[in-house]
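Now for the letters of each chain:
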Amino acid sequence: MNRLFIPLQGAQMLFVAFGALVLMPLLSGLDTSVALFTAGIGTLLFQLITKRQVPIFLASSFAFIAPIMYGVQTWGIPATMGGLMVAGFVYVILGALVKIKGSGFIHKLLPPVVVGPVIIIIGLGLAPMAVNMALGKTGDGSTVLVDQNIALFIAIMSLSTTVAIAVFAKGILKVMPILAGILVGYGLSMAFGIVDFSPVQQAPWLAVPGFVAPEFHWQAILFMIPVAIAPAVEHIGDLLAISNVTGKDYMKKPGLHRTLTGDGIATMAASAFGGPPNTTYSEVTGAVTLTKSFDPRIMTWTAITAIILAFIGKLGALMQTIPLPVMGGIMCLLFGSIAAVGLNALIRNQVDLNEPRNLSIVGVTLVFGIGGMAFGIGEFSLTGISLCGLVAIVMNLILPKTPESEKVES
C-alpha cells in the first residue's frame, strides 16, 4: 500500500468513528478533546500490547454513559475516573485469567442469561434522558432550554437521518449514521437560531485538552467494576467480527488474553487523563469490511490524527455547541439499540425463559435496574447497573443449572 495513502486511510477511519467518539463525552459531561486524545493514546497502547496485529480502533464506550453520569453527579469527575481506572484493571485481570484458564471460563462466569439483562438495563436506564433532551429539556427534565415544538422537530429529523443512513445508505456512508444525524440536526439548529457560536469565537486555535487526574473513592470503584461486564463481552464479539472480516483468527494470535489486556490498559490510560473508557469500535470494523483496508498501520494513523485534533481548541469548542435536541434525537435510537443488543444476546443464544432459573435471573435483574433498587448499609450502597450486574452473577452462580442451561453456556 502506498505510504502516503496509509495516513489518508487513517484519517478516513477517524471520520467514520468521529460522531460516536464525541457524542459519548458530550452526553456524559466529559471533555471531547480529552476523548479524542485518549482514543488515540488508547489505540496506540492496544497496538503495542497486541504487537500491531489487529486492525481495530478504540474509542469512547457507550456502555459507560449512565455510570459516568451518575458517578460525576455523585462523586465528581476525578473519583469517577478512579472507578473507571479500576474497571479497566478488571479487563487486565480477565486477560490474565484467559491466559491461564482459556476463554471458556468467561462464558461460564458471564453467560448470556447474565449479560443479556445487564446490557438491556444499560440501554433502558437512559431512555427518560433521551426523551427529555429530544423535547428540549435538560436530561432530568427540570429545565426547558429549547421550545418544545422546535426541539421535537430537530430531534425527529436527526433521528430520521440516522435511521435512514443506517438502513438505506451504501458504501462508506452506511457506517456513519451518527455523524450524518448530527450534521443534519446541527444544520437545522442553525436555521432556527439556537446555536451559540460564542464559545468557538473565544476559543484559541491551539489548546491543551482539559485533562483531569483520577482520585480513588471506594464507593465509585465498587459502582464501576460490574459495568465492565458488557464492554468485555462486546470486545469478544468485535474481535470475532474483525477475525471473520480479515480471515485471521485473532482469538489465537495475538490471543484474546492480549486483546483484553490491551483494551484494559487503554481504558486505564484514558481514565488517567480524564477521558471516557475505550472500547473496540464496530463502526470502524464496518469501514474495514467495506474498504478491505486490513493493514493495522492504518489504525496507527487514525490514532495519531485523533491526538492531533485533540489540541485544536476551536474544534473542541465547536463540539460543545451541539444543541440538546440533536443529541436527544440520536439517543432515542442509540440507547434503544443498546437494549436491543442485550435482547439479541438472549435470543441468539436461545436462552429459554420458560425455565424458572433463567426467568428468575432475567426478571429480577430487569426490575431491579428499571425500578431503581438500591441496597445500602451506612456509606456502602449499590444501585443501578452495578447492583444489577452483581445480582445477575450471584444468582447465576447460586441457582442450580439445568441440562438445557448447561448446553446454552457451552
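This structure is a prediction, so every number in the text was calculated from the model and none was measured.

> Is there a simple way to think about the overall build of the protein in this case?
Looking only at helices and strands, the protein has 20 helices and four strands in total. Relative to the compact-globule value of 22 Å for 410 residues, the protein shows a C-alpha radius of gyration of 21 Å, a close match. Taking the principal axes of the C-alpha coordinates as reference, the protein spans close to 60 × 55 × 45 Å. Here the protein holds 410 residues, and the buried ones make up 54% of them. Across the protein, every contact between residues at least 6 apart in sequence was considered, and the portion connecting residues at least 24 apart equals 81%. In the form shown here, the protein has an accessible surface area of approximately 17200 Å², with 68% of it arising from carbon and sulfur atoms. If you average the places of the 20 positive and of the 17 negative side-chain charges in the protein, the two averages end up 14 Å apart.

> Help me out: how do you make sense of a nonpolar patch on the surface in this one?
Side chains of Leu109, Leu390, Val394, Leu397 and Ile398 sit close together on the surface and give an oily, nonpolar patch of about 440 Å² of accessible area. Counting residues per element, the nonpolar patch draws most heavily on helix H19 (residues 384-398), at four residues. Mapped onto the elements, Ile398 comes out in helix H19. Here Ile398 falls in the exposed class, since its relative accessible area comes to 62%.

> Explain helix H1 (residues 5-28) to me, please; I cannot follow it from the model alone.
Because an α-helix completes one turn every 3.6 residues, residues spaced three or four positions apart along the sequence face the same direction. Given a rise of 1.5 Å per residue, 24 residues ought to cover 34 Å, and the 35 Å separating the end C-alpha atoms of H1 matches this to within 8%. The largest bend in H1 amounts to roughly 50° and is located at Ala17. Counted residue by residue, H1 has 18 buried out of 24 residues, so it is predominantly covered. Just downstream of H1, Gly29 is the residue with a positive phi angle, here 85°.

> What is the right way to read the side chain of Thr161 from this model?
With respect to the helices and strands, the residue Thr161 is situated in helix H8 (residues 148-168). Filtering out sequence-adjacent residues up to four positions away, Thr161 remains in contact with Ala180, Gly181 and Val184.

> Help me understand the packing of aromatic side chains, please; the structure alone is not making it clear to me.
Given two aromatic rings, their pairing is described by the distance between the two centres and the angle made by the two planes. One pass over the structure, following the stated rule, counts nine aromatic pairs. Grouped by ring-pair contacts, the aromatic residues Phe37, Phe211, Phe273 and Phe311 constitute a single cluster. Residue placement shows Lys314 over the ring face of Trp205; its charged tip is 5.4 Å from the ring centre.

> Help me out: how do you make sense of the side chain of Thr162 in this one?
Assignment of secondary structure puts Thr162 in helix H8. When near neighbours in sequence (up to four residues on either side) are disregarded, Thr162 contacts Pro177, Ile178, Gly181, Ile330 and Leu333.

> What should I look at first to understand the packing of helix H12 (residues 229-246) against helix H13 (residues 251-273) in this one?
Helix-helix packing: each pair is described by the crossing angle between the helix axes and the interaxial distance. Their axes nearest at 11 Å, the elements H12 and H13 cross at an angle of 145°. When you trace H12 past H13, the crossing you get is right-handed. Seen from H12, the contacting residues are His235, Ile236, Leu239, Leu240 and Ser243; seen from H13, they are Met251, Leu256, Thr259, Leu260 and Asp263. Broken down by class, the residue content of the contact of H12 with H13 amounts to six nonpolar, three polar and one charged.

> Would you mind showing me how to read the environment of Phe311 here?
Within the element layout of this structure, Phe311 appears in the loop between helix H15 (297-310) and helix H16 (313-319). On the accessibility criterion, Phe311 (28% relative accessible area) is partly exposed. Separated by 305 residues in sequence, Phe311 and Ile6 have C-alpha atoms that sit 22 Å apart. Apart from residues no more than four positions distant in its own chain, Phe311 is found in contact with Phe37, Trp205, Leu206, Ala207, Val208 and Pro209.

Rules and cut-offs
Residues numbered from 1 in each chain as written. Predicted model: local features only at pLDDT ≥ 70, side-chain atom pairs only at ≥ 80, totals over all residues. Heavy atoms only, no water. Helix = DSSP H or I, 4+ residues; strand = E, 2+ residues; numbered from the N terminus. Rg over C-alpha atoms; globule rule 2.2 N^0.38 Å. Buried < 20%, exposed > 50% of the residue type's maximum accessible area, 1.4 Å probe, protein only. Contact = heavy atoms within 4.5 Å. Areas by Shrake-Rupley, 256 points an atom, 1.4 Å probe, with all protein chains shown as cover. Lys, Arg positive; Asp, Glu negative; His and termini not counted. Charge placed at Lys NZ, Arg CZ, Asp CG, Glu CD. Patch = residues over 30% accessible without salt bridge, like charges linked within 9 Å, V, L, I, M, F, W, Y side chains within 5 Å. Salt bridge = Lys/Arg side-chain N within 4 Å of Asp/Glu carboxyl O. Expected span 1.5 Å × (residues − 1). Bend = angle between axes of the 7 residues up to and from the residue. Phe/Tyr/Trp six-rings, centres within 6.5 Å; stacked < 30°, edge-to-face > 60°. Lys NZ or Arg CZ within 6 Å of the ring centre and 35° of its normal. Axes fitted to C-alpha atoms, helices over the stretch in contact; angles between N-to-C directions. Left-handed = near helix turned anticlockwise from the far one by under 90°. Nonpolar A, V, L, I, M, F, W, Y, C, P; charged D, E, K, R; others polar.

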